[in-house]
Amino acid sequence: MATAETLLPEHAATPAHRDGNVLRWLTAYTASLVGDSVYFVALGWSAQKAAGPAEVGLIMAAGALPRALLMLGGGVVADRFDPRRVILGSDALRCLLILSVAAAIALTTPALWILVAVALAFGAVDALFVPAIGALPPRITSSDQLARLTGMRSLSMRLSQIAGPPIGGLAMGLGGAAAAFTVAGLLFALSLPLLLTLRMRPFASPGEERPEPGTAWKDLLDGLHYIRRHRLIGPLVAAGAICELGLTGTLSVGMVLLNAERGWGPSGYGWIVSSFGAGAAASAALLAVAGWLPRAGLVLAGTLLVGCAGAATIAWVPTLWVAVLLAALIGLSAGLFGSLDNTLIQTAADPAYLGRVTSIVMLTMVGLAPLSYPLVGAAIGAWGAAPVFLGCGTFASLGVAMALASGPVRRAELPRHQPGATI
């Protein structure tokens, strides 16, 4: 890492919600997330105008391939270099890419190959952006504020999911795809000056030397070995991966098919998804306000168990409104589990490995979890929704068993804020 980076001075720890350094990062992150949402709206509608339904699906999924293939390499890059610089570089690349596409579309009708190329390039840049984002929070605040920062970050994600599509749709309505891509590019550009002003915490204690990196392949293997050997991070990553494999396909593809099977229709699906999102937002707000929860490891396992039980039974409830209430409970439980899992990993990880650890966690979400989509769809087609939801919820509960079987997870605690403590 470059030694010229700006370091935070020694001072009393500042709560994350009152820390200007954190708030600048959060504003930049929110702008980037909203830009992501607007970009996907623009890409989807442009694809719909240029091709048929099959091609639209291909274009929308094209970015997932390079993102999954390159994610681990992105973790190595984030650990080798200042993560702020990696985020700055990737956001700048996304800005230039999207504004170039906006200019091309303004001059000519978007061709299918252009949209595919954009999706592939955007996914490749995302493989750098995502691990660096995961490595940055411990560098801008103290460890006792990471839980609150995780809650604030989750709220930011929910806000972007609410605000992004309408902004993209409005831009499309007023100026077409070129305007929507332009708005996305400008949102990426907005994050750049904010990121430039971030102050970074020291990487190591005074006099402590950072090991020299080896080859990229060796660094990648070292990261995998570090996760496997770590008594807390290893079980947490494994439990999270099982949870993603068991629940992601069920709560996305499965929920669509469940609504069709029960005759609840698109409006019923909208109510269930909105209720899930409200529960997840409530969990983020709880953590952002509280900043700390006792017996974090046991709470993590308990919330995961509640989420698995809810996912297993939601296809068996008699009415839509019961399903809506249950979805809120699942969202609340899943949100708390995810936030606690992420915070415990970040506070336990050696900063030198945070990028690689984040890349492994994200790979389970963007690489492994989507593999369950066709399996869930085929299984519901063969056996119906209820037994598939029950089976997937039961499979995900293996993550609970793995968490509870680990002593370090059961005993895990979040760092507590000590007023007047120095960083």
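Before reading on, note that the structure itself is shown above.
Given the structure is predicted, the values throughout are model-derived calculations rather than measurements.

(A) Molecular detail of the overall build of the protein. For the protein, the count of helices and strands is 18 helices and zero strands. Looking at the 423 residues of the protein, the share that counts as buried comes to 52%. Nonlocal contacts in the protein, meaning residues at least 24 apart in sequence, comprise 88% of its contacts between residues at least 6 apart. When the accessible surface of the protein is summed, it comes to about 18,000 Å², and 71% of that surface belongs to carbon and sulfur atoms.

(B) Quick look at helix H16 (residues 385-396). Over its twelve residues, H16 extends 16 Å from the first C-alpha to the last, a length consistent with the 16 Å expected when each residue adds 1.5 Å. Burial in H16 covers these residues: Ala-385, Ala-386, Val-388, Phe-389, Cys-392, Gly-393 and Ala-396. Taken down its axis, H16 places every buried residue within 165 degrees of arc, on the same side. Contact partners of the buried residues in H16: helix H9 (233-251), helix H10 (253-262), helix H12 (296-313), helix H15 (372-383) and helix H17 (398-405).

(C) Quick look at unusual backbone geometry. Of note, Arg-295 is a non-glycine position whose phi angle comes to about 50 degrees, a positive value. On the secondary structure map, Arg-295 appears in the loop between helix H11 (265-290) and H12.

(D) Quick peek at the nonpolar core. Formed by 65 residues in total, the largest nonpolar core has its most connected members in Trp-25 and Ile-233. Of all hydrophobic cores here, the second largest spans 28 residues; its members include Ala-102, Phe-122, Ala-180 and Leu-187.

(E) Spatial organisation of the pattern of salt bridges. Enumeration over the complete set of coordinates arrives at nine salt bridges. Linking Arg-356 and Asp-79 is a salt bridge whose minimum nitrogen-to-oxygen distance equals 2.6 Å. Taken together, the positions of Arg-356 in helix H14 (residues 354-368) and Asp-79 in helix H3 (residues 64-80) put the pair 277 residues apart, joining distant regions of the chain. With relative accessibility at 8%, the residue Arg-356 sits in the buried group. Here the salt bridges share partners, and the residues they tie into one network are Asp-36, Arg-67, Asp-91, Arg-94 and Asp-126.

(F) How the structure looks around the side chain of Asp-341. Along the chain, Asp-341 turns up in helix H13 (residues 320-348). No salt bridge is formed by the buried Asp-341. Its closest oppositely charged neighbour is Arg-153, at 11 Å. Non-local contacts of Asp-341, meaning those with residues more than four positions away in its chain, are made with Leu-236 and Leu-300.

(G) Just the packing of aromatic side chains, in detail. The full count for this structure, using the stated rule, is eight aromatic pairs. Each ring, one from Tyr-39 and one from Phe-122, has its centre 4.0 Å from the other, and the planes form 20 degrees; the classification is stacked. Taken as a pair, Tyr-39 in helix H1 (residues 20-50) and Phe-122 in helix H5 (residues 112-135) lie far apart in primary sequence, 83 residues in all. Geometrically, the ring pair formed by Phe-122 and Phe-188 is tilted, given 6.0 Å between the ring centres and 40 degrees between the ring planes. Pair noted here: Phe-122 is in helix H5 and Phe-188 is in helix H7 (residues 146-196), with a separation of 66 residues, a long-range link. Phe-188 carries the same exposure label as Phe-122, and that label is buried. One aromatic cluster is present, formed by Tyr-39, Phe-40, Phe-122, Phe-181 and Phe-188 through successive ring pairs. The ring of Phe-129 has Arg-94 lying over it, and the distance from NZ or CZ to the ring centre is 4.1 Å.

(H) A look at the environment of Gly-268. Relative to the elements of secondary structure, Gly-268 occurs in helix H11. On the basis of relative accessible area, Gly-268 is assigned to the buried category, the value being 0%. Residues Gly-268 and Ala-323 lie 55 residues apart in sequence; the distance between their C-alpha atoms is 9.3 Å. Ignoring anything within four residues of it in the chain, the contact list for Gly-268 reads Asn-259 and Leu-320.

(I) How the structure looks around the packing of H3 against helix H8 (residues 216-229). With their axes 10 Å apart at the nearest point, H3 and H8 run at an angle of 95 degrees to one another. Relative to H8, the element H3 is oriented roughly perpendicular. Counting all contacts with H3, which are made through Leu-72, Val-76 and Arg-80, the residues of H8 involved are Ala-216, Asp-219 and Leu-220.

(J) Fine view of the packing of H9 against H12. Closest axis-to-axis distance for the H9/H12 pair is 11 Å, and the angle between their directions is 20 degrees. Compared by their axis directions, H9 and H12 come out roughly parallel. Here H9 and H12 pass one another in a crossing that is left-handed. Two secondary-structure elements touch here, H9 through Leu-236, Cys-243, Leu-247 and Leu-251 and H12 through Leu-300, Leu-304, Cys-308 and Ala-311. Looking at the contact of H9 with H12 residue by residue, the class counts come to eight nonpolar, no polar and no charged.

(K) Seen up close, a nonpolar patch on the surface. Taken together, the side chains of Leu-245, Leu-368, Leu-371, Phe-395 and Leu-398 define a hydrophobic patch exposed on the protein surface, amounting to about 440 Å² of accessible area. Mapped onto the elements of the fold, Leu-398 is located in helix H17. Under the relative-accessibility criterion, Leu-398 is labelled partly exposed at 47%.

The rules we used
Residues numbered from 1 in each chain as written. Predicted model: local features only at pLDDT ≥ 70, side-chain atom pairs only at ≥ 80, totals over all residues. Heavy atoms only, no water. Helix = DSSP H or I, 4+ residues; strand = E, 2+ residues; numbered from the N terminus. Buried < 20%, exposed > 50% of the residue type's maximum accessible area, 1.4 Å probe, protein only. Contact = heavy atoms within 4.5 Å. Areas by Shrake-Rupley, 256 points an atom, 1.4 Å probe, with all protein chains shown as cover. Expected span 1.5 Å × (residues − 1). Arc of directions from axis to C-beta. Core = buried A, V, L, I, M, F, W, Y, C linked by side-chain atoms within 4.5 Å. Salt bridge = Lys/Arg side-chain N within 4 Å of Asp/Glu carboxyl O. Lys, Arg positive; Asp, Glu negative; His and termini not counted. Phe/Tyr/Trp six-rings, centres within 6.5 Å; stacked < 30°, edge-to-face > 60°. Lys NZ or Arg CZ within 6 Å of the ring centre and 35° of its normal. Axes fitted to C-alpha atoms, helices over the stretch in contact; angles between N-to-C directions. Parallel < 35°, antiparallel > 145°, perpendicular 65-115°, else oblique. Left-handed = near helix turned anticlockwise from the far one by under 90°. Nonpolar A, V, L, I, M, F, W, Y, C, P; charged D, E, K, R; others polar. Patch = residues over 30% accessible without salt bridge, like charges linked within 9 Å, V, L, I, M, F, W, Y side chains within 5 Å.

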